[in-house]
Amino acid sequence: MEIEFLGTGAGVPAKHRNVTSIALKLLDERNGIWLFDCGEGTQMQILRTNIRPRKIEKIFITHLHGDHLFGLPGLLSSRSFQGGTEPLAIYGPKGVREFVQTALRISQTRLSYTIHYHEVSDGLVFEDQQASVYCEKLDHGVDSFGYRVVEADHEGELQVAKLQALGIKPGPLYGKLKQGLAVTLSDGRVIQGRDFVGEKSKGRVVTILGDTRYTPASVRLAANADVLVHESTFNKDETKMAKAYFHSTTQQAAAVAKEAGVNQLLLTHISARYLAKDVLQLEKEAQEVFANTRIVKDFDIIDVPFS
C-alpha cells in the first residue's frame, strides 16, 4: 500500500505544485488504484508516473470545488482511449454525477466502460472482503467529505520453519495447513493447521480529508490511523484567515493528528505563495504540535507500513 501525491497545491496550479489529486496504490492488495480528488491536469501528472489509468477502479471526490474536480472529465476520457474497459466507481457529494454526465454529454464523449455513481452521505460508502471506506462531512462551506479507508486484517503467515523442523516438506499439505485444517501425515501423525499459523496482522488505516476548518469530524475519521492526509493552506498565525476561508492552519492539522492518535501526518494543499524556505517553516510549525509530520510535494510516494 502506497500513497502517491499527484498534486499538492491549493486553488490554482503552480509551476512547483499542481492542484489536488492523491493516488492510493493497492496493486499488491487488489491490483488496483484508488484516486482521491482529480484537479485540473491530473492526467498530465499521471504521465510522469508509472500509474496506468485503466488500473484506477475507484475515484473519491471530497468536494466540488474546481481544484479538486476539473481534471475528472479528461481523465475519464483518456482512460477509455487507453484501453480501459473495466467499470469504474465514482464517489462524491451530490452533484458529482451531474457534473460528469454533463461534461461527457456536451463533449460527445463515449466511454468504453461503465461508471457507477455513489453520491455519499455520512457512514459506510464501500465494503468488500479487503477493505471498508467510511466518510463524514467536514466544515468547508460547501459539502466536503473526509474518507477513512480501513484494510481488512491479514491472515497469519504459515510458520514454514516450524513445519520443516518436523520433517514436513513443502507441498499441497501447506495449503491445507494455511487454512487451519487438520492434516494426517503419511506416518499417521495428525497435525492441526492452527498450530502452524501466526497471529493475524491488523489491517492498515488511511484517512484522507477534503478541505476543512478544524472540526471534531476530522478527529473521528482519523482515529488511530496509520496515515492522515490533511490540508494545510495557512500558517499558524493565520487562524482568522483560515476560518474565514474554511481551511486549516498547520497547527490545526497537527492538533487533529495528535488528538486522533495517528502514526504519521502528511500535509498537502499548500498555497503557491509558500516557496521552499516557507515550506520548511510550515513543516516546523506543525512538528511543534505533532512530531511525525511531513509536508509532501508532487510525486512523493509514501509507503504505508503495518503498525
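Rules and cut-offs
Residues numbered from 1 in each chain as written. Predicted model: local features only at pLDDT ≥ 70, side-chain atom pairs only at ≥ 80, totals over all residues. Heavy atoms only, no water. Helix = DSSP H or I, 4+ residues; strand = E, 2+ residues; numbered from the N terminus. Buried < 20%, exposed > 50% of the residue type's maximum accessible area, 1.4 Å probe, protein only. Contact = heavy atoms within 4.5 Å. Areas by Shrake-Rupley, 256 points an atom, 1.4 Å probe, with all protein chains shown as cover. Lys, Arg positive; Asp, Glu negative; His and termini not counted. Charge placed at Lys NZ, Arg CZ, Asp CG, Glu CD. Core = buried A, V, L, I, M, F, W, Y, C linked by side-chain atoms within 4.5 Å. Salt bridge = Lys/Arg side-chain N within 4 Å of Asp/Glu carboxyl O. Polar contact = N/O pair within 3.5 Å; in protein donor to acceptor, adjacent residues only side chain to side chain.

Visitor: I would appreciate a short explanation of the overall build of the protein in the present structure.
Guide: Assigned secondary structure in the protein consists of ten helices and 16 strands. Over its C-alpha atoms, taken along the principal directions, the protein stretches across nearly 75 × 50 × 35 Å. Per-residue burial for the protein yields a buried fraction of 51% across its 307 residues. Put simply, of all contacts in the protein between residues at least 6 apart along the chain, 63% involve residues at least 24 apart. Accessible area of the protein: about 14,700 Å², with a carbon and sulfur share of 51%. Averaging the locations of the 36 positively and 37 negatively charged side chains of the protein gives two centres separated by 3 Å.

Visitor: What exactly am I supposed to notice about unusual backbone geometry here?
Guide: If a residue is not glycine, its phi is most likely negative; likewise, a peptide bond is most likely trans. Although it is not a glycine, Asp-37 adopts a positive phi angle of roughly 70 degrees. The backbone phi angle of Gln-108 is positive, close to 55 degrees, even though this residue is not glycine. Taking the relative accessible area as the measure of exposure, Gln-108 reaches 63% and is therefore exposed.

Visitor: Would you mind showing me how to read the nonpolar core here?
Guide: Of all hydrophobic cores here, the largest spans 28 residues; its most connected members are Ile-3, Trp-34, Phe-36 and Tyr-147. Those residues in contact with Phe-36 that lie beyond four places of it in its chain are Ser-21, Ile-22, Leu-24, Phe-60, Tyr-147, Val-149 and Ile-208.

Visitor: What is the right way to look at the side chain of Asp-298 in this model?
Guide: Among the structural elements, Asp-298 can be located in the loop between strand S15 (293-295) and strand S16 (301-303). Buried and unpaired, Asp-298 has no salt bridge, with Arg-17 as the nearest side chain of opposite charge at 5.0 Å. There is a polar contact of 2.7 Å between the side chain of Asp-298 and the backbone nitrogen of Asn-18. Among the polar contacts made by the side chain of Asp-298, one reaches the side chain of Gln-45 at a distance of 3.2 Å. Other than its neighbours up to four places away in sequence, Asp-298 contacts Phe-5, Leu-6, Gly-7, Thr-8, His-16, Arg-17, Asn-18 and Gln-45.

Visitor: What is the right way to read the pattern of salt bridges from this model?
Guide: Side-chain pairs of opposite charge can arise where the charged atoms are in close proximity. Under the defined criterion, the tally for this structure stands at 14 salt bridges. Across the pair Glu-151 and Arg-204 runs a salt bridge whose closest N-O atoms are separated by 2.8 Å. With a gap of 53 residues between them, Glu-151 in strand S9 (residues 145-151) and Arg-204 in the loop between strand S11 (190-192) and strand S12 (205-209) connect regions that are remote in the sequence. For Arg-204, a relative accessible area of 5% puts it in the buried group. As a salt-bridge pair, Lys-236 and Glu-288 come within 3.7 Å of each other at their nearest N and O atoms. Taken together, the residues Lys-236 in the loop between strand S13 (227-231) and helix H8 (239-244) and Glu-288 in helix H10 (residues 276-289) connect sequence positions 52 residues apart. The structure contains a network of salt bridges with shared partners spanning Glu-2, Glu-4 and Lys-25.

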